[in-house]
Amino acid sequence: FTNTRCGICASRNPAFYQTLGNFHQVLHIAYHPSSPYSSCIFSQHNPTENDNRAYFYGVYGGTPRAVIQGEVIPVQNPMISAEQIDAHLGMMSDFRVSTTNTLVSGNTYKLSFEIERVSGTGLEAIRVFAGLAEEEIQYNAPNGETLHHDVFRKKIFNDTAYINSAGNPRTWEFEYTMNPDWDINEIYSYVIVQDNTSLKVKQSASSLDSPTFIGNNAVEEV
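Conventions used here
Residue indices follow the written sequence of each chain, beginning from 1 at its first position. Where totals are concerned, whole chains, interfaces and linings use all residues; where local detail is concerned, this predicted model gives features only for residues with pLDDT of at least 70, and gives and counts side-chain atom pairs only at 80 or more. Side-chain metrics rest on all non-hydrogen atoms present in the structure, leaving aside hydrogens and water. Each reported salt bridge corresponds to a side-chain nitrogen of Lys or Arg within 4 Å of a carboxyl oxygen of Asp or Glu. One requirement defines pairing of two strands: DSSP has to find at least two bridges between them. Labels follow the DSSP assignment, with helices taken as runs of H or I lasting at least four residues and strands as runs of E lasting at least two, numbered in each case from the N terminus. Interaxial angles span 0 to 180 degrees and are taken between N-to-C directions of axes, which are lines fitted to C-alpha atoms, for helices over the stretch in contact. In this analysis the probe radius is 1.4 Å and the grid spacing 1 Å, with only protein atoms considered; a cavity is a set of points the probe fits into but cannot get out of, a pocket is an open set with protein on both sides within 12 Å along at least five of seven lines, and lining residues have an atom within 4 Å of a point. Grid points are joined across faces, edges and corners, and a volume is the space filled by probe spheres set on the points. Any residue that is not Ala, Val, Leu, Ile, Met, Phe, Trp, Tyr, Cys, Pro, Asp, Glu, Lys or Arg is counted as polar, Gly included; the first ten are nonpolar and the last four charged.

(A) Local environment of the pattern of salt bridges. Evaluation of the coordinates by the stated rule reveals seven salt bridges. One connected set of salt bridges, linked through shared partners, spans Arg 117, Glu 124, Asp 195 and Lys 202.

(B) View of the sheet that holds strand S7 (residues 147–163). Ordered by their spatial adjacency, four strands build an open sheet running S7-S6-S9-S10, and the pairing between neighbours is antiparallel. Two strands lie at the open edges of the sheet, namely S7 and strand S10 (201–206), each paired on one side alone. Within the sheet, the average angular offset between the axes of one strand and its neighbour, ignoring direction, is 20 degrees. Bridge analysis of strand S9 (residues 187–195) against S10 gives five bridges, and the strand direction is antiparallel. Counted as the bridge partner of Ile 192 is Ser 204 from S10.

(C) Up close: empty space enclosed by the protein. If you walk through the whole model with that rule in mind, you get three cavities of 30 Å³ or more. In terms of lining residues, the largest cavity is bounded by 31 residues, among which Leu 27, His 28, Val 67, Ile 68 and Gln 69 are the most central. The element that contributes the greatest number of residues to the lining of the largest cavity is helix H1 (residues 7–20), accounting for four residues. Tallied by class, residues from the lining of the largest cavity come to 20 nonpolar, eight polar and three charged.

Given below as structure tokens:
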């Protein structure tokens with residue numbers, strides 16, 4: 001969670017992105033809540049949905065803040081450490097997730113995603129968030145930042161879903177109109193699957209890549 005008018009964000013984001021650069025398997029999304037600065041252009045583009053993600057994690061009211069695998073990181077400098085990311089690597093997941101973002105016609109696009117249980121049994125309720133983000137945006141922000149990564153643009157789906165036993169994947173498809181403010185070449189879809197109560201991330205994927213398969217059953221969280 002960051003803001004283009006936040007001076008502290010400008011001072012800490014470079015180290016944050018340098019750390020992320022060593023972990024290419026990490027899915028990163030930058031949300032821009034309206035607090036502490038409602039005049040942030042990325043926040044103004046979609047204030048309600050940016051704010052809702054901050055409320056979802058209980059971090060609305062100040063930036064910068066970081067959340068890893070659904071776990072809110074206490075305010076610290078640097079925002080995250082390599083050790084904090086390492087602690088989550090190699091974990092196994094009961095779910096496989098994939099997503100695509102494709103042209104339908106004209107200015108209409110389709111976000112599709114599939115969730116499949118690959119291990120474990122029984123019907124399970126999970127929280128699913130699917131959205132669109134812009135991979136890179138060049139913008140001379142008031143806080144001095146010029147390159148902005150993985151900027152959240154739009155929520156497509158956010159609800160509880162029920163996943164059946166292994167071998168019975170569920171698929172969702174949603175059409176949307178490409179906003180003229182977005183760079184078509186930079187827009188991608190992403191999906192985050194979380195525990196319905198603890199918010200722990202169970203699996204994620206973006207249309208930029210796909211999950212890494214481990215063995216024949218469980219898949220690595222990415």
